Amino acid sequence: MHNLLESRSTTLITQQEAETFGKDWRAAAFRDVESRLTDRGFPCVFSRNAFRKKLLLFAFAEDAGPDGIARLGAALADYVELSRNWNGHLDTAYPLLIVFSPSAVSARSVAGYQAFGWEVIQKLHHVDPAPWPDNVGTDPGESSWSMCFNGMPLFVNMSNPAHEVRRSRNLGAHFVLVVNPRERFDAVAGDTPSGRKVRSNIRARIDRYDGAPRARQLGSYGVTGLEWWQYGLPEDDVERTDACPFSFRANETAQPDGAAAPT
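Residues numbered from 1 in each chain as written. Predicted model: local features only at pLDDT ≥ 70, side-chain atom pairs only at ≥ 80, totals over all residues. Heavy atoms only, no water.

Q: For this particular structure, what's the right way to read the packing of helix 5 (residues 66-83) against helix 6 (residues 110-126)?
A: For any two helices packed against each other, one specifies the inter-axial angle together with the distance between the axes. Between helix 5 and helix 6, the shortest axis-to-axis distance is 10 Å and the interhelical angle comes to 75°. Classed by the angle they form, the pair helix 5 and helix 6 counts as roughly perpendicular. Across from Ile-69, Leu-72, Gly-73 and Leu-76 in helix 5, the residues of helix 6 making contact are Val-120, Lys-123 and Leu-124. Per-class residue counts for the contact of helix 5 with helix 6 are five nonpolar, one polar and one charged. (Axes fitted to C-alpha atoms, helices over the stretch in contact; angles between N-to-C directions. Helix = DSSP H or I, 4+ residues; strand = E, 2+ residues; numbered from the N terminus. Parallel < 35°, antiparallel > 145°, perpendicular 65-115°, else oblique. Contact = heavy atoms within 4.5 Å. Nonpolar A, V, L, I, M, F, W, Y, C, P; charged D, E, K, R; others polar.)

Dropping the structure here:
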């Protein structure tokens, strides 16, 4: 994977590069991630494996304004292009961590951080350079919905420092979007006998790590529950009655901020 990165221009930062940061906020964020993913009890064995093999990719965001979102969009587009060449082996599956500076987010609660996360996802949709895939629902209320960018369905995990109960969704003092191509979850932990076994193992680890029952919103893509529920989990064990903040706009791709979508 790193040879692939070296073969083309990219805005992404490798794990090895992140390890060399000095004393700025990015270095602190990386140390937080490192402390979580080197903990043997951390429930996501895939993330721990990726960290151990130095496969993580990073995009660090100073803000979520128009310029910041443009840079994030370029980084995410690069990530998708690299991900198209995945060989199907778990040991070459590399997550993307989008990490926001403390000054980018004014939230202090789980709900506040998640509102910020959905705002970022909406803005990224606004600058998406490719059409939405035909086989993916455009309404988060559909079981087939998944966030898409540059033509690829993605799974986005919102991790934030306000999570005290759901510690598995807390990667330290910074707000982090953990991004993976949807197909990797389907290949490794999809609705198959082996996939269900993998999910069961990880969710049992979540119970132990968090010290609380897993969120009832955790399901299986296209089978149980809604995908957007799993992007940001509530701190308490409650039913979801809220509507997804994401709004699909037909033909809204690569529109500059403030421009009206074509009709």
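Additional details are given in the paragraphs that follow.
Q: Could you clarify how one ought to interpret helix 3 (residues 25-37) in this entry?
A: Residues three or four positions apart in an α-helix share a direction because the helix packs 3.6 residues into each turn. Given a rise of 1.5 Å per residue, 13 residues ought to cover 18 Å, and the 18 Å separating the end C-alpha atoms of helix 3 matches this to within 8%. Buried residues of helix 3: Trp-25, Ala-27, Ala-29, Phe-30, Val-33 and Leu-37, and no others. (Expected span 1.5 Å × (residues − 1). Buried < 20%, exposed > 50% of the residue type's maximum accessible area, 1.4 Å probe, protein only.)

Q: Where do I start with the environment of Val-120 in this structure?
A: Mapped onto the fold, Val-120 is located in helix 6. Between the C-alpha atom of Val-120 and that of Leu-177, which follows or precedes it by 57 residues, the distance is 9.6 Å. Filtering out sequence-adjacent residues up to four positions away, Val-120 remains in contact with Ala-64, Ile-69, Leu-72, Phe-100 and Leu-177.

Q: For this particular structure, what's the right way to read the sheet that holds strand 5 (residues 152-159)?
A: The strands making up a sheet associate through backbone hydrogen bonding, with each pair oriented either parallel or antiparallel. The six strands are arranged 1-2-3-6-5-4 in an open sheet whose pairing can be described as mixed. Among the strands making up the open sheet, the edge pair consists of strand 1 (13-14) and strand 4 (147-149). For strand 1 and strand 2 (residues 57-61), the ladder comprises two bridges, and the chain directions are antiparallel. What sits directly across from Thr-14, in strand 2, is Leu-57. Together, strand 2, strand 3 (96-100), strand 4, strand 5 and strand 6 (176-181) form the strand contacts of helix 5, whose direction differs from that of strand 6 by roughly 30°. Sheet contacts for helix 6: strand 3, strand 4, strand 5 and strand 6; angle to strand 5, the most-contacted strand, approximately 155°. (Pairing = 2+ DSSP bridges.)

Q: Would you explain the confidence of the model for the protein in this entry?
A: For residues with low pLDDT, the predicted coordinates do not support detailed interpretation. Mean pLDDT over the protein stands at 85; residues scoring 70 or higher make up 82%. Mean pLDDT across the elements of the protein bottoms out in helix 1 (residues 2-6) (53) and peaks in strand 3 (98). In the model, residues 252-263 has pLDDT below 50 throughout and makes 22 contacts with residues more than four positions away in sequence or in other chains. (pLDDT = per-residue confidence, 0-100.)

Q: Any chance you could explain the packing of aromatic side chains here in plain terms?
A: Each aromatic ring pair is summarised here by two numbers: the centre-to-centre distance and the angle between the ring planes. The final tally for this structure, using the stated rule, is 19 aromatic pairs. Ring centres 5.4 Å apart and planes at 5° place the aromatic pair Phe-58 and Phe-60 in the stacked group. Accessibility classification places Phe-58 together with Phe-60 in one group, the buried group. Through a chain of ring-to-ring contacts, the aromatic side chains of Trp-118, Trp-132, Trp-145, Phe-155, Trp-228, Tyr-231, Phe-246 and Phe-248 assemble into a single cluster. A cation sits over an aromatic face here: Arg-26 above Phe-21, 3.8 Å from the ring centre. One residue, Arg-167, lies across the ring of Tyr-209, its end atom 4.1 Å from the ring centre. (Phe/Tyr/Trp six-rings, centres within 6.5 Å; stacked < 30°, edge-to-face > 60°. Lys NZ or Arg CZ within 6 Å of the ring centre and 35° of its normal.)

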